Amino acid sequence: MSQTKPIEISKHEVVEAYRRIKANKGSAGIDHQSLKDFDADKNNNLYKLWNRLSSGSYMPPPVLRVEIPKGDGGTRALGIPTITDRIAQMVVKQRIEPELEMHFHPNSYGYRPNKSALEAVALTRQRCWKRAWVLDMDIKGFFDDINHELLMRAVNKHVQEKWLKLYIERWLKAPIQQRGEPLESREKGTPQGGVISPLLANLYLHYVFDAWVEKHWIGIQFERYADDIVCHCASEQEAQKLKIRLEQRFNDCGLTLHPKKTKIAYCKGSRNKGDYPVISFDFLGYTFKPRLCRNRKGEYFVNFTPAISRKSAKKVREKIASWSILRNSKANLNAIAYYSRAILQGWKNYYGKYGRAELKHVLLYLNAKLARWAKRKYKRLKTKSQAIRWVIGYQQREPKLFVHWSFT
């Protein structure tokens, strides 16, 4: 630890932050410097960053603004800090996260250590069986609308060191820039894509929503993953009242509930809508709705349960369709299986937890793509049906070659 610097930051902290940033990978920021470029002079770059951080002279550069297409046809703005800035943010995050974690609500799952989206899905599933109504909320442009003054009030409540608060405030005020465009100053929001942004966003919603609900609406159960929130209510009237109160609460804190994506759903095991126009909702890539299930005795019944959502299924198929190896007739089946293994295993682990039949149907799309690839590669496969039979035969002989073959 340096005794000559006004801020006590060890070089080890900076090196550890660098290791975590490198493990997360990521693209270059506004300065075009990639991780590979940074590593070319790593020791010198890390020393200079440590020197500026520990002297209090570190000033964050502008954040690169990138528009990412969304499933609904719109775009989502991501803010990509430089490699150096990401490391600096990680240094501060490592300092403040343990303190904040002690105060966060147990039903907050997003961007937290030792918490997962599947845990939130499991709890949502259980609670839907016990309470018939769900208020499914979506916050419009959440990261872009966070009020800096309110956020810093929350930061000041938990962070004591002045230098930590100084750097957090500088990151909030850092300008944003699209390539070839002038700098834009920011009066609100924290860039979605910044290392420290998810932690600050969680802190903000902890006071805007989690702690507020606990205090003002006793008995409401909820699951929150960042700005994706589900509340369980005992009646439709309770859900409607809660929606009105939360709309006002969010407005008071500079946020807006999305009018089309925020809805009240009926969560009992009946596929007949009857008087309830909304009997399903999406949460963390799953659609919760009444489904025809079969028990161990072979008897069928309707159960309100999750399975992969239509939006997630579309993303899976689009990802498979983008694989260039499926258009390479020189590749062999083993190469395709190796290429796809980690991705398929990830989908199986996440979307296969609930509603396996739905995921099976989605992953059969890869079999169709394999048949098309085989038809191009092997001239003896004259028709589509011959190519499909070839794939099925291969699956029967080697069911463990592809992850989804043994799964389906």
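Note: the structure precedes this text.
Keep in mind it's a predicted model, so treat the numbers as computed, not measured.

With respect to the sheet that holds strand S11 (residues 300–308)
Working step 1: The 3 strands lie next to each other as S9-S10-S11, forming an open sheet whose pairing is antiparallel. Of all the strands in the sheet, just strand S9 (281–283) and S11 have a single pairing partner and so form its edges. The sheet shows a mean angle of 50° between the axes of neighbouring strands, direction not considered.

Notes on the sheet that holds strand S2 (residues 75–80)
Working step 1: Strand order in the open sheet formed by 3 strands is S2-S1-S4, and the pairing between neighbours is mixed. With partners counted over all chains shown, the strands left at the sheet margins are S2 and strand S4 (176–177), one partner each.
Working step 2: With 6 bridges joining them, strand S1 (residues 63–69) and S2 adopt antiparallel strand pairing. If you follow Leu 64 over to S2, its bridge partner there is Ile 80.

Let's talk about the nonpolar core
Working step 1: Ranked by size, the top nonpolar core spans 69 residues in total, and within it Ile 87 and Phe 250 carry the most contacts.
Working step 2: A total of 10 residues in this core trace back to one element, the largest contributor, which is helix H9 (residues 197–216).
Working step 3: Once you skip the residues sitting within four places of it in the chain, Ile 87 turns out to touch Val 14, Ala 17, Tyr 18, Ile 21, Phe 38, Leu 46 and Leu 49.
Working step 4: With 51 residues, the next largest nonpolar core counts Phe 304, Ala 337, Val 391 and Tyr 394 among its residues.

Some words on unusual backbone geometry
Working step 1: The residue Ala 226 is not glycine, and still its phi comes out positive at about 55°.
Working step 2: Position of Ala 226 relative to the elements: it lies in the loop between strand S5 (221–225) and strand S6 (228–233).
Working step 3: Phi is positive for Leu 284, close to 55°, though the residue is something other than glycine.
Working step 4: With respect to the helices, strands and loops of the structure, Leu 284 is situated in the loop between S9 and strand S10 (286–294).
Working step 5: Classification of Leu 284 by relative accessible area gives buried; the value is 14%.

A closer look at the pattern of salt bridges
Working step 1: Counted by the stated rule, this structure contains 12 salt bridges.
Working step 2: Two residues, Glu 149 and Arg 153, come together in a salt bridge whose shortest N-O distance is 3.9 Å. Within this pair, Glu 149 and its partner Arg 153 are both found in helix H7 (residues 148–158), separated by 4 residues, close to a single helical turn.
Working step 3: For Glu 149, a relative accessible area of 58% puts it in the exposed group.

Let's talk about the packing of aromatic side chains
Working step 1: Overall, the coordinates contain 25 aromatic pairs when judged by the stated rule.
Working step 2: Their ring planes at 70° and their centres at 5.2 Å tell us that Phe 142 and Phe 143 sit as a pair that is edge-to-face.
Working step 3: A relative accessible area of 6% means that Phe 143 is categorised as buried.
Working step 4: With a centroid separation of 5.0 Å and an interplanar angle of 85°, the aromatic rings of Tyr 350 and Tyr 351 are classed as edge-to-face.
Working step 5: Members of the aromatic cluster, connected to one another through ring pairs, are Tyr 58, Trp 163, Tyr 167 and Trp 171.
Working step 6: The ring centre of Tyr 378 lies 5.0 Å from the NZ or CZ of Arg 380, which sits over that ring.

Description of a positive patch on the surface
Working step 1: Together, Arg 327, Arg 372, Arg 376 and Lys 384 make up a region of like positive charge exposed at the surface.
Working step 2: With respect to the helices, strands and loops of the structure, Arg 372 is situated in helix H13 (residues 356–377).

Examining a nonpolar patch on the surface
Working step 1: On the surface, Leu 292, Tyr 300 and Val 302 cluster together into a nonpolar patch covering about 290 Å² of accessible area.
Working step 2: Within the secondary structure, Leu 292 sits in strand S10.

Concerning H13
Working step 1: Look at H13: 32 Å from first C-alpha to last across 22 residues, which is about the 32 Å you get at 1.5 Å a residue.
Working step 2: Within H13, the full set of buried residues consists of Leu 359, Val 362, Leu 363, Leu 366, Asn 367, Lys 369, Leu 370, Ala 371, Trp 373 and Ala 374.
Working step 3: Next to the buried residues of H13 lie S11, helix H11 (310–321), helix H12 (333–351), helix H14 (384–397) and helix H15 (403–407).

Details of the packing of helix H3 (residues 42–55) against helix H4 (residues 83–101)
Working step 1: It is at 11 Å that the axes of H3 and H4 come closest, and there the two elements cross at 50°. In this view, H3 runs oblique relative to H4, as classed from their interaxial angle. In the packing of H3 onto H4, the handedness of the crossing is right-handed. Here H3 contributes Leu 46, Leu 49, Arg 52 and Leu 53 to the contact with H4, which in turn contributes Thr 84, Ile 87, Ala 88 and Val 91.

Cut-off values and rules
- Residues numbered from 1 in each chain as written.
- Predicted model: local features only at pLDDT ≥ 70, side-chain atom pairs only at ≥ 80, totals over all residues.
- Heavy atoms only, no water.
- Pairing = 2+ DSSP bridges.
- Helix = DSSP H or I, 4+ residues; strand = E, 2+ residues; numbered from the N terminus.
- Axes fitted to C-alpha atoms, helices over the stretch in contact; angles between N-to-C directions.
- Core = buried A, V, L, I, M, F, W, Y, C linked by side-chain atoms within 4.5 Å.
- Buried < 20%, exposed > 50% of the residue type's maximum accessible area, 1.4 Å probe, protein only.
- Contact = heavy atoms within 4.5 Å.
- Salt bridge = Lys/Arg side-chain N within 4 Å of Asp/Glu carboxyl O.
- Phe/Tyr/Trp six-rings, centres within 6.5 Å; stacked < 30°, edge-to-face > 60°.
- Lys NZ or Arg CZ within 6 Å of the ring centre and 35° of its normal.
- Patch = residues over 30% accessible without salt bridge, like charges linked within 9 Å, V, L, I, M, F, W, Y side chains within 5 Å.
- Areas by Shrake-Rupley, 256 points an atom, 1.4 Å probe, with all protein chains shown as cover.
- Lys, Arg positive; Asp, Glu negative; His and termini not counted.
- Charge placed at Lys NZ, Arg CZ, Asp CG, Glu CD.
- Expected span 1.5 Å × (residues − 1).
- Parallel < 35°, antiparallel > 145°, perpendicular 65-115°, else oblique.
- Left-handed = near helix turned anticlockwise from the far one by under 90°.

Any functional reading would require information that these geometric values do not contain.
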